[in-house]
Amino acid sequence: MSPYLLGYSMLVCVLSVSHVAHSLTSSEYLQLREEILLKEKQRMLGGQITLTPDEQLVNQILMKEKTQQIEDSRYKNVPFLAAQNFLDVKERIENTEVYNIIHRMPKGGALHIHDISSVGAEWLITNVTYRDDIYMCVTEAGDIRYQAFLDPPSQLDCQWKSVQAERWSSPDVTQFDEKLINNIVPKLNNFCSDKTDELPIGSIARYLAQALPLITYLPVFMDYYRKTLEDLRSDNVQYLELRSSISQVYDIDGKIYDKEQIVIILKRLTEEFVNRYDGFIGAKIIITGDRTASKEQMLADVKSALDLHQRYPDFVAGFDLAASSGNYNPVVYYMDALLYPTNLDPPATLPYFLHAGETKWFGVELDQDILDVLLLNTTRVGHGFTLSKHPEYVDIIRDSNIAVEVNPISNQILCLVSDLRSHPMVGLMADNLPVVISSDDPGIFRTDPLSHDFYMAFMAMAPKSGDLAFLKQLAINSIQYSAMSAREKEAAFVQWTSSWDIFIQSVVKEISQAPQ
């Protein structure tokens, strides 16, 4: 009897009795095997997408190189690029055809990026420190501190000097800038070790201490945000949801801008950018509280975020908790503050987009964060690295259609996983759990807003058969699971689809014109 007539019930029967030979011919066996493989492929992320003939032509280029890299690694012992530390192989990745196509591909939205780490440190040095009102001082530890002043104060332990004056008095301007860059860029290469569970938080904290006084200076703050949007557009990303602590922004006269003033500034800059560039969908901000704060401070932050969300519902998407150091409180510590909106009379709505499960530990409080954010009705789960250890949580996420924000390169650089083929989300993505891919801190990790993370997900976290449909589904998910309203999503899909079709046709045209 044909396996297609036997159906899936026969498979269950065949596999339930061990060590028993069954009357299957070789042809029936192979047919049944192919049927199961097809079911598995259809079940994975992107498995329900049927590629058009033109998309299949683009897919052939992707899959030719992907297959070649896999086979070279398996049979010729060639190191597999996507299995190595990203910081060590970044330039080699950028020379691949797969990366080139992914970079050109309209990728939808970046839904998990932090505002103080969205632009690279090099830009701060080569752009910001060339401004006349930026001063520097060198601490006893050798760290360079920066600040904007009209007239710098006298300070014995760290004397303020004009960066521009120091630069032009140096014998070599290029070397001067390189010195500043090397001093501020976090040292992340080869940090992780099997002998320690320590994360490179110290290096990142040191960078933020140097960078924040520059980023939060009002003229720089505005240019930094514009640069964030420009980098997204250059990477063919059409939409952004930015985690923002709404840090105290100051101007040259010492005025400190409150949170609402900052929201108004960011909203205006976003609208200007959207009006300037066709095809760019827009941006929203997710206000973040600090997970080292007191309970009282967190309650104040939640109240402030609720007020801003109600005043600017089309721009302030909701609230998140983020960690500014390696020692931070679990979500349950802030339970009362986070329950505040729903305990009002009448209850108020403040959407949550909560970090959870960004740890290797199993069963500790930080691992249980995933349960707490689900109980708090989070809209998405940030990271969810430990999710695969909790089948009950997985069921809740699937039933509630909650997306998980996966940040592959961040997880690798922060020492959660060394080889992304072993990332714990791989199995859940194979079962089409709602997932979006993002970059977390592209300015610190020196990644594109999305392309590098898409590359690593495509090459290391998708199966060998994972193809253009996998990438297309990631882009679709980024819009589907965004904080946009139903009407905004409908318009966004129209814009993204148009960009996608243009992308496909441009690659197909190149294929047709290539020498045979």
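As the structure is a prediction and not an experimental result, all values here were calculated from the model.

Novice: For this particular structure, what's the right way to read the overall build of the protein?
Specialist: Along the backbone of the protein there are 21 helices and 13 strands. Principal-axis analysis of the C-alpha atoms places the extent of the protein at approximately 90 × 65 × 50 Å. Buried residues in the protein amount to 52% of all 516 residues. Counted over contacts in the protein with a minimum sequence separation of 6, partners at least 24 positions apart contribute 76%. For the protein, the exposed area adds up to about 24000 Å²; of that, 51% sits on carbon and sulfur atoms. Treating the 45 positive side-chain charges of the protein as one cloud and the 68 negative ones as another, the clouds have centres 3 Å apart.

Novice: What is the right way to read the pattern of salt bridges from this model?
Specialist: Side-chain pairing between opposite charges can occur once the charged atoms of the two side chains come close. In this structure the tally under the stated criterion is 27 salt bridges. With a closest N to O distance of 3.5 Å, Glu71 and Lys464 form a salt bridge. With Glu71 in helix 3 (residues 53-76) and Lys464 in the loop between helix 19 (451-461) and helix 20 (468-480), this residue pair connects regions lying 393 residues apart in the sequence. Taking relative accessible area as the criterion, Glu71 reaches 30% and is therefore assigned partly exposed. Judged by its relative accessible area of 40%, Lys464 falls in the partly exposed class. Between Asp369 and Arg291 there is a salt bridge; the shortest N-O distance is 2.5 Å. Remark: Arg291 occurs in the loop between strand 8 (282-290) and helix 12 (295-311) and Asp369 occurs in helix 14 (residues 365-375); sequence separation between them is 78 residues. In this pair, the class of Asp369 matches that of Arg291, namely buried. Here the salt bridges do not stand alone but share partners, grouping Glu241, Arg243, Asp320, Arg380 and Glu405 into one network.

Novice: Honestly, the state of the cysteines in this entry has me stumped. Any pointers?
Specialist: Note on terminology: a disulfide is the covalent bond linking the sulfur atoms of two cysteines. Throughout the structure, instances matching the rule amount to one disulfide. The residue that forms a disulfide with Cys137 is Cys158, at a sulfur-sulfur distance of 2.0 Å. Between Cys137 and Cys158, the S-S torsion sits near 100 degrees, and that sign places the bridge as right-handed. Here Cys137 is found in strand 2 (residues 134-138), whereas its partner Cys158 is found in the loop between strand 3 (144-148) and strand 4 (161-162), with 21 residues between them in sequence. Neither Cys137 nor Cys158 differs from the other in exposure class; each is buried.

Novice: Help me understand the confidence of the model for the protein, please; the structure alone is not making it clear to me.
Specialist: Regions with low pLDDT carry predicted coordinates that are not meant to be interpreted in detail. Averaged over every residue, the pLDDT of the protein is 92; residues scoring 70 or more account for 93%. Every residue in residues 1-6 scores below 50 in pLDDT, and together they form eleven contacts with partners more than four places removed in sequence or on other chains. Here residues 16-21 scores under 50 on pLDDT; set against residues more than four positions off or in separate chains, the count is one contact.

Novice: Which parts of the structure should I look at to understand the environment of Tyr277?
Specialist: Relative to the helices and strands, Tyr277 resides in the loop between helix 11 (259-276) and strand 8. Separated by 47 residues in the primary sequence, Tyr277 and Glu230 place their C-alpha atoms 10.0 Å from one another.

Novice: Would you mind going over the side chain of His452 with me for this structure?
Specialist: Mapped onto the elements of the fold, His452 is located in helix 19. A distance of 2.8 Å separates a polar atom in the side chain of His452 from the backbone nitrogen of Asp448. In this structure, His452 is in contact with Phe86, Lys90, Glu94, Tyr99, Ile409, Arg446 and Thr447, ignoring residues within four places of it in sequence.

Novice: Could you clarify how one ought to interpret the packing of aromatic side chains in this entry?
Specialist: Two aromatic rings, taken as a pair, are described by how far apart their centres are and by the angle between their planes. This structure, assessed with the given rule, holds eleven aromatic pairs. Counting every residue linked through ring pairs, the aromatic cluster contains Tyr135, Phe149 and Trp160. Here the basic side chain of Lys66 rests over the ring of Phe458, its NZ or CZ set 4.2 Å away from the ring centre. Lying across the ring of Tyr333, Lys295 places its NZ or CZ 4.6 Å from the centre.

Novice: What is the right way to look at empty space enclosed by the protein in this model?
Specialist: Using a probe with the size of a water molecule, rolled over the atoms, empty space left in the structure can be pinpointed. Summed over the entire model, instances satisfying the criterion amount to three cavities of 30 Å³ or more. The space that makes up the largest cavity amounts to roughly 80 Å³. At the level of elements, helix 10 (218-234) and strand 5 (239-244) are the ones that each hand at least two residues to the lining of the largest cavity. Looking at the lining of the largest cavity element by element, the count peaks at four residues for helix 10. Its residues assigned to classes, the lining of the largest cavity shows six nonpolar, three polar and one charged.

Conventions adopted
Residues numbered from 1 in each chain as written. Predicted model: local features only at pLDDT ≥ 70, side-chain atom pairs only at ≥ 80, totals over all residues. Heavy atoms only, no water. Helix = DSSP H or I, 4+ residues; strand = E, 2+ residues; numbered from the N terminus. Buried < 20%, exposed > 50% of the residue type's maximum accessible area, 1.4 Å probe, protein only. Contact = heavy atoms within 4.5 Å. Areas by Shrake-Rupley, 256 points an atom, 1.4 Å probe, with all protein chains shown as cover. Lys, Arg positive; Asp, Glu negative; His and termini not counted. Charge placed at Lys NZ, Arg CZ, Asp CG, Glu CD. Salt bridge = Lys/Arg side-chain N within 4 Å of Asp/Glu carboxyl O. Disulfide = S-S within 2.5 Å. pLDDT = per-residue confidence, 0-100. Polar contact = N/O pair within 3.5 Å; in protein donor to acceptor, adjacent residues only side chain to side chain. Phe/Tyr/Trp six-rings, centres within 6.5 Å; stacked < 30°, edge-to-face > 60°. Lys NZ or Arg CZ within 6 Å of the ring centre and 35° of its normal. 1 Å grid on protein atoms, 1.4 Å probe; cavity = no way out; pocket = protein on both sides within 12 Å on 5 of 7 lines; lining within 4 Å. Points joined across faces, edges and corners; volume = space filled by probe spheres on them. Nonpolar A, V, L, I, M, F, W, Y, C, P; charged D, E, K, R; others polar.

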